[in-house]
2 protein chains.
Amino acid sequence: MRHPSLKTGQKLVVIVGGGFAGLNAAKALAGQPQVHVVLVDQRNHHLFQPLLYQVATAGLNPSEIAVPIRAQFSEYENIEVHLDRVLSVDLKRKTVQSDIAELDYDYLVLACGAQHSYFAHPEWEPFAPGLKTLEQATEIRRRILLAFEQAENETDLEKQKHLLNFVVVGGGPTGVELAGAIAEISRTVLVSDFKNVRPESARVILVEAGPRVLASFAEDLSARALKDLESIGVEVMLSSRVEHIDATGVQVGNKLIHSQSVFWAAGVQATKMKISPEVAHDRAGRVNVGKDFSIPGYEDSFVIGDMAAFELPQGGTMPGLAPAAIQAGKHTAANILSSIAGQPREDFVYFDKGQMATIGKNKAVAESGSLKMTGILAWFAWLFVHIFYLIGFKNRVSVMGQWAWSYLFSKRGSRLITERDWKLKP
Amino acid sequence: MRHPSLKTGQKLVVIVGGGFAGLNAAKALAGQPQVHVVLVDQRNHHLFQPLLYQVATAGLNPSEIAVPIRAQFSEYENIEVHLDRVLSVDLKRKTVQSDIAELDYDYLVLACGAQHSYFAHPEWEPFAPGLKTLEQATEIRRRILLAFEQAENETDLEKQKHLLNFVVVGGGPTGVELAGAIAEISRTVLVSDFKNVRPESARVILVEAGPRVLASFAEDLSARALKDLESIGVEVMLSSRVEHIDATGVQVGNKLIHSQSVFWAAGVQATKMKISPEVAHDRAGRVNVGKDFSIPGYEDSFVIGDMAAFELPQGGTMPGLAPAAIQAGKHTAANILSSIAGQPREDFVYFDKGQMATIGKNKAVAESGSLKMTGILAWFAWLFVHIFYLIGFKNRVSVMGQWAWSYLFSKRGSRLITERDWKLKP
């Protein structure tokens with residue numbers, strides 16, 4: 001169906017996904033009279049994923065790292081936001097089918113991001129939730145806080161010990177940040193609140209299959225991160241494979257770790273989308289794209305962000321980082337406008353801003369080009385960058401306030417256990 | 001079972017419920033060497049219920065009106081907090097049975113509060129959730145925001161109109177505050193964000209069975225509240241009985257209002273608890289108590305707060321207000337200490353601080369003794385009182401910040417739709 005709001009001469013751009021990539025593509029097209037944009041997302045909010053682990057560890061509120069997508073486009077008549085789910089894409093007919101409508105597009109931007117991959121063991125998921133959505137973050141928060149509460153009530157000392165075992169699978173930035181934050185709250189925030197258990201006796205175990213944590217960083221930074229993790233009490237198991245996860249705990253190699261608090265930060269795979277005809281993708285399910293992010297053979301259909309496998313000239317593919325997704329979104333929007341104007345497109349050139357990860361208070365590692373930082377300096381750089389990239393003045397002020405308060409008083413502002421299996425009955 | 005932490009000569013006080021009544025009873029016993037207190041609640045947080053409607057209407061975050069119960073007692077060795085559920089009470093044997101243990105008490109304080117009553121129509125509940133817990137508040141928020149999102153996507157104009165019908169059942173303070181806040185966000189906050197619907201065309205309908213709203217207030221204040229509600233666009237239906245509620249909407253008298261956003265603020269009943277032998281209670285399920293809140297015949301077992309029917313000397317029973325519950329909690333703690341010291345107990349004398357309700361920005365009604373306030377003055381009094389009674393310095397600062405920001409910019413900080421039927425699959 002032709003879109004009813006489309007004015008004569010206007011092209012319809014359909015963007016699927018309101019993450020860093022899709023949101024920035026839409027922003028770059030906002031107010032451009034030659035296009036009308038329909039931005040579709042299953043959620044009403046854009047999520048600042050890099051701080052999701054802070055919601056999971058009771059440091060921040062969900063609303064402090066999420067903003068309503070439509071509120072970003074209030075003043076732009078040419079951007080429509082739909083809370084809707086795209087079911088399939090037909091590249092030849094140039095249509096997308098969603099829960100509520102079929103739309104003919106002139107240009108398509110797929111930016112649906114990535115999800116957790118359990119390496120062919122989807123049955124592990126209920127016992128080891130990942131950290132990609134706000135609901136998952138509040139669920140992880142619920143499990144962490146509930147484990148301490150149950151340990152407080154437990155009279156069997158062996159069971160009490162098991163309740164205080166926390167296992168994080170995956171030593172990338174998310175795993176490192178999550179493990180660090182769990183160790184930190186058990187050793188500072190919760191220490192004085194329990195009478196029968198000593199929260200600081202909690203074991204936090206980080207399991208990594210490879211030989212070092214933060215494998216995408218330089219080796220000396222990995223070593224520093226390992227040292228920092230151990231200094232705050234995280235037990236790091238390197239070159240250790242998870243064989244099995246169930247309600248009892250995790251089997252690592254031939255060792256069983258009893259735990260009901262296992263969290264998954266290991267693999268990711270691109271979000272699946274029914275595209276016809278089928279398109280080529282890599283092992284992680286990411287769609288192979290050309291130098292302008294278009295799908296080979298379908299120059300008006302683009303895939304960007306974590307859903308795309310974009311080959312870098314120096315080898316390898318573009319990493320799944322927020323700055324990369326932002327650049328891809330802006331670049332694609334510019335190319336769409338060029339095409340409409342009858343001008344040639346430009347190939348994308350990735351500008352690597354570097355990467356950073358925080359381990360705990362005053363502890364972080366960061367690298368950008370040949371510049372490397374560790375310790376308190378890296379930690380302040382991390383703080384600054386994350387507050388700077390948060391969307392919305394109010395969220396910035398609010399997060400700064402929460403962090404200042406946590407830093408000074410070693411408290412956490414959001415220690416709520418809310419029900420997962422909540423029914424309407426109170 | 002005798003409590004293992006009980007020291008020689010110490011009496012065990014079991015308090016069930018961490019609302020205003022139970023929390024204040026425990027606070028008054030904190031640090032008193034003659035008692036050891038076990039405070040049991042099904043939730044890990046104390047909830048500031050008077051502001052729950054603000055969470056439901058995206059004005060505040062859940063954590064801003066809730067504090068972990070155990071964090072209130074970190075420094076007191078004689079207070080133990082248990083996340084646990086009390087199943088039954090045996091008044092003769094003086095034991096409580098919970099999910100995890102059986103405890104012999106010396107003194108018992110039941111303070112389990114109240115829940116919604118659907119007047120023998122429990123089947124209405126899924127279609128008309130009430131507002132007593134954080135989960136219910138985020139569910140109501142989800143339904144309100146989702147209704148606007150669905151209306152934006154709806155092409156059938158009749159259906160679109162139905163989606164924008166919001167019905168609040170019950171004209172007491174909660175109903176009035178909720179209806180006022182829904183009208184306010186649809187007319188200010190959401191106005192600029194939608195392209196296909198005009199949020200200000202939303203109908204907000206308040207249905208009250210009696211002849212006036214805020215029936216517990218003076219008549220002229222009820223009239224003023226009615227005028228204020230109508231001035232911000234709430235349609236108030238007085239002397240109107242709800243006959244039926246289902247997925248289609250609400251049947252009021254012989255009129256059907258199509259709506260999938262119906263919220264219940266009508267009746268409450270005391271939380272049920274298995275007490276043996278059976279105790280006398282009133283029609284709302286509240287336990288009849290003596291002048292010191294003890295259960296007649298069992299002088300060491302008390303019932304306080306919304307769960308108790310305490311007769312006032314001037315007739316009627318003590319109202320279900322926070323200040324009343326706080327007074328009851330403190331008084332009961334003092335009487336327990338008197339009894340331990342072998343001194344006589346004092347009868348409780350209720351000090352009526354008055355009541356207040358807010359209708360919207362700059363609009364409220366308040367009365368205290370012969371003093372009556374309306375308009376902006378009452379509204380500022382309402383703000384002041386609610387911030388003053390919030391627990392925790394940080395929450396006070398945070399709520400003040402949110403309110404200042406909402407007041408100045410007509411925005412809401414917490415417009416998140418999170419999933420109710422959330423499974424672990426993203």
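Being a predicted model, the structure only gives us computed values, none of them experimental.

1. Quick notes on the relation of the copies chain B and chain A
Okay, step 1: Rotating chain B by 180° and translating it 0.0 Å along the rotation axis places it on chain A, where the RMSD comes to 0.0 Å. Expressed as a symmetry operation, the mapping of one chain copy onto the other fits a two-fold axis. In terms of C-alpha distance to the rotation axis, chain B has asparagine 61 of chain B as its closest residue, with the C-alpha 3.6 Å off the axis.
Okay, step 2: By residue overlap, the copies meet face to face through one surface: 100% of the interface positions of chain B are interface positions in chain A.

2. A short note on the interface of chain B and chain A
One frequently used descriptor of interface size is the decrease in accessible area upon assembly of the parts.
Okay, step 1: Facing 57 residues of chain B, the contacting portion of chain A comprises 57 residues.
Okay, step 2: For the pair chain B and chain A, the summed buried area comes to about 5,100 Å², and 55% of that belongs to carbon and sulfur atoms.
Okay, step 3: Linking chain B to chain A there are four salt bridges.
Okay, step 4: Across the pair glutamate 152 of chain B and arginine 70 of chain A runs a salt bridge, and its minimum N-O distance is 3.9 Å.
Okay, step 5: Applying the counting rule to chain B against chain A returns 18 residue pairs in polar contact (both at pLDDT 80 or more).
Okay, step 6: For the side of chain B that touches chain A, the secondary-structure elements that each account for two or more residues are β4 (66–68), β5 (79–83), α3 (134–153) and α9 (393–409) of chain B.

3. Focus on the confidence of the model for chain A
All names here are of chain A.
Okay, step 1: Looking at chain A, pLDDT values average 92 and 97% of them are 70 or higher.
Okay, step 2: Low confidence marks residues 420–426, where pLDDT is under 50. Its contacts with residues over four positions away, or in another chain, come to 22 contacts.
Okay, step 3: Interface scoring of the predicted complex returns ipTM 0.85; its pTM is 0.90.

4. Some points on the environment of valine 67 of chain A
Residues and elements named next belong to chain A.
Okay, step 1: Here valine 67 lies in strand β4 (residues 66–68).
Okay, step 2: Taking the relative accessible area as the measure of exposure, valine 67 reaches 10% and is therefore buried.
Okay, step 3: Taking the C-alpha atoms as reference points, valine 67 and histidine 46, 21 residues apart in sequence, are found 5.4 Å from one another.
Okay, step 4: Excluding residues that lie within four positions of it along the chain, valine 67 makes contacts with Asn44, His45, His46, Gln72, Ile391 and Asn395.

5. A look at the sheet that holds strand β25 (residues 363–368) of chain A
Residues and elements named next belong to chain A.
Okay, step 1: Sheet architecture is open: three strands sit in the order β24-β25-β26, paired in antiparallel fashion. The open sheet terminates on both sides in strands that have one partner only, identified here as β24 (355–360) and β26 (371–374). Pairwise comparison of adjacent strand axes, ignoring direction, gives a mean angle of 5° for this sheet.
Okay, step 2: Looking at chain direction, β24 and β25 are connected through five bridges and run antiparallel. When the sheet's bridge partners are listed, threonine 358 is paired in β25 with alanine 364.
Okay, step 3: Against the sheet, helix α6 (residues 219–231) engages β24, β25 and β26, with an angle of about 170° to β25.
Okay, step 4: The strands touched by helix α8 (residues 375–389) are β24, β25 and β26; relative to β24, the strand with the most contacts, the crossing angle is about 115°.

6. Describing helix α8 (residues 375–389) of chain B
Okay, step 1: The end-to-end C-alpha distance of α8 of chain B is 21 Å, a good match for the 21 Å that 15 residues give at a rise of 1.5 Å each.
Okay, step 2: Of the positions making up α8 of chain B, those classed as buried are Gly375, Ala378, Trp379, Ala381, Trp382, Leu383, His386 and Ile387 of chain B.

7. Some points on the environment of isoleucine 79 of chain B
Okay, step 1: Following the sequence through the fold, isoleucine 79 of chain B ends up in strand β5.
Okay, step 2: Along the primary structure isoleucine 79 of chain B and leucine 29 of chain B are separated by 50 residues, whereas in three dimensions their C-alpha atoms are 8.2 Å apart.
Okay, step 3: Aside from chain neighbours lying at most four places away, what touches isoleucine 79 of chain B is Lys195 of chain A together with Ala26, Leu29, Ala30, Val37 and Phe73 of chain B.

8. A few points about the sheet that holds strand β14 (residues 242–245) of chain B
Residue and element names in this part refer to chain B.
Okay, step 1: Spatial ordering of the open sheet is given by β14-β15-β16, a layout of three strands whose pairing is antiparallel. Of all strands in the sheet, those bounded by a partner on one side alone are β14 and β16 (255–258). Direction aside, neighbouring strands of the sheet carry axes that sit 20° apart on average.
Okay, step 2: Relative to strand β15 (residues 249–252), β14 is paired through three bridges, and the arrangement is antiparallel. Residue pairing across strands places valine 242 opposite valine 252, the latter belonging to β15.

9. What to know about the packing of helix α1 (residues 20–29) of chain B against helix α7 (residues 322–340) of chain B
All names here are of chain B.
Okay, step 1: As a packed pair, α1 and α7 sit with axes 7 Å apart at the nearest point and diverge in direction by 35°. Where α1 crosses over α7, the handedness of that crossing is right-handed. Counted together, Phe20, Ala21, Asn24, Ala25, Ala28 and Leu29 of α1 and Ala322, Ala325, Ile326, Gly329, Lys330, Ala333 and Leu337 of α7 form the full contact between these two elements.
Okay, step 2: Here the contact of α1 with α7 is built from residues that sort into ten nonpolar, two polar and one charged.

10. Description of unusual backbone geometry
Okay, step 1: The peptide bond linking serine 276 of chain A to proline 277 of chain A adopts the cis configuration, its omega dihedral lying at -5°.
Okay, step 2: Tracing the chain through its elements places proline 277 of chain A in the loop between β19 (274–276) and β20 (287–288).
Okay, step 3: Non-glycine residue lysine 94 of chain A carries a positive phi angle of around 55°.
Okay, step 4: Inspection of the secondary structure puts lysine 94 of chain A in the loop between β6 (86–90) and β7 (95–98).
Okay, step 5: Look at alanine 58 of chain B: it is not a glycine, yet its phi comes out positive at around 65°.

11. Structural notes on a nonpolar patch on the surface
Okay, step 1: Taken together, the side chains of Ile376, Leu377 and Phe380 of chain A make up a nonpolar region of the molecular surface, amounting to roughly 320 Å² of accessible area.
Okay, step 2: Examined against the element boundaries, isoleucine 376 of chain A turns out to sit in helix α8.

12. Focus: the side chain of glutamine 327 of chain B
Okay, step 1: Relative to the assigned elements, glutamine 327 of chain B resides in helix α7.
Okay, step 2: Once you skip the residues sitting within four places of it in the chain, glutamine 327 of chain B turns out to touch Phe348, Val349, Tyr350, Phe351 and Lys353 of chain B.

13. Topic: the packing of aromatic side chains
Okay, step 1: On inspection of all chains with the given rule, the structure shows 24 aromatic pairs over all chains.
Okay, step 2: Summarising the aromatic geometry, the rings of phenylalanine 310 of chain A and phenylalanine 348 of chain A are spaced 5.4 Å apart at their centres and angled 85° between planes, so their arrangement reads as edge-to-face. With a gap of 38 residues between them, phenylalanine 310 of chain A in the loop between β23 (308–309) and α7 (322–340) and phenylalanine 348 of chain A in the loop between α7 and β24 connect regions that are remote in the sequence. For the pair formed by phenylalanine 310 of chain A and phenylalanine 348 of chain A, the shared burial category is buried.
Okay, step 3: Taken together, a centroid distance of 6.0 Å and an interplanar angle of 40° make the contact between phenylalanine 148 of chain B and phenylalanine 194 of chain B tilted. Of this pair, phenylalanine 148 of chain B sits in helix α3 while phenylalanine 194 of chain B sits in the loop between α5 (173–189) and β12 (203–207); the two residues are 46 residues apart in sequence, bridging distant segments of the chain. The same class applies to phenylalanine 148 of chain B as to phenylalanine 194 of chain B, namely buried.
Okay, step 4: Joined through ring pairs, the aromatic side chains of Tyr118, Phe119, Trp124 and Trp264 of chain A make up one cluster.

Reading the values: the criteria
- Residues numbered from 1 in each chain as written.
- Chains lettered and ligands numbered in written order.
- Predicted model: local features only at pLDDT ≥ 70, side-chain atom pairs only at ≥ 80, totals over all residues.
- Heavy atoms only, no water.
- Least-squares fit on C-alpha atoms with pLDDT ≥ 70 in both.
- Contact = heavy atoms within 4.5 Å.
- Buried area = accessible area lost by both parts, 1.4 Å probe.
- Salt bridge = Lys/Arg side-chain N within 4 Å of Asp/Glu carboxyl O.
- Polar contact = N/O pair within 3.5 Å; in protein donor to acceptor, adjacent residues only side chain to side chain.
- Helix = DSSP H or I, 4+ residues; strand = E, 2+ residues; numbered from the N terminus.
- pLDDT = per-residue confidence, 0-100.
- Buried < 20%, exposed > 50% of the residue type's maximum accessible area, 1.4 Å probe, protein only.
- Pairing = 2+ DSSP bridges.
- Axes fitted to C-alpha atoms, helices over the stretch in contact; angles between N-to-C directions.
- Expected span 1.5 Å × (residues − 1).
- Left-handed = near helix turned anticlockwise from the far one by under 90°.
- Nonpolar A, V, L, I, M, F, W, Y, C, P; charged D, E, K, R; others polar.
- Patch = residues over 30% accessible without salt bridge, like charges linked within 9 Å, V, L, I, M, F, W, Y side chains within 5 Å.
- Areas by Shrake-Rupley, 256 points an atom, 1.4 Å probe, with all protein chains shown as cover.
- Phe/Tyr/Trp six-rings, centres within 6.5 Å; stacked < 30°, edge-to-face > 60°.

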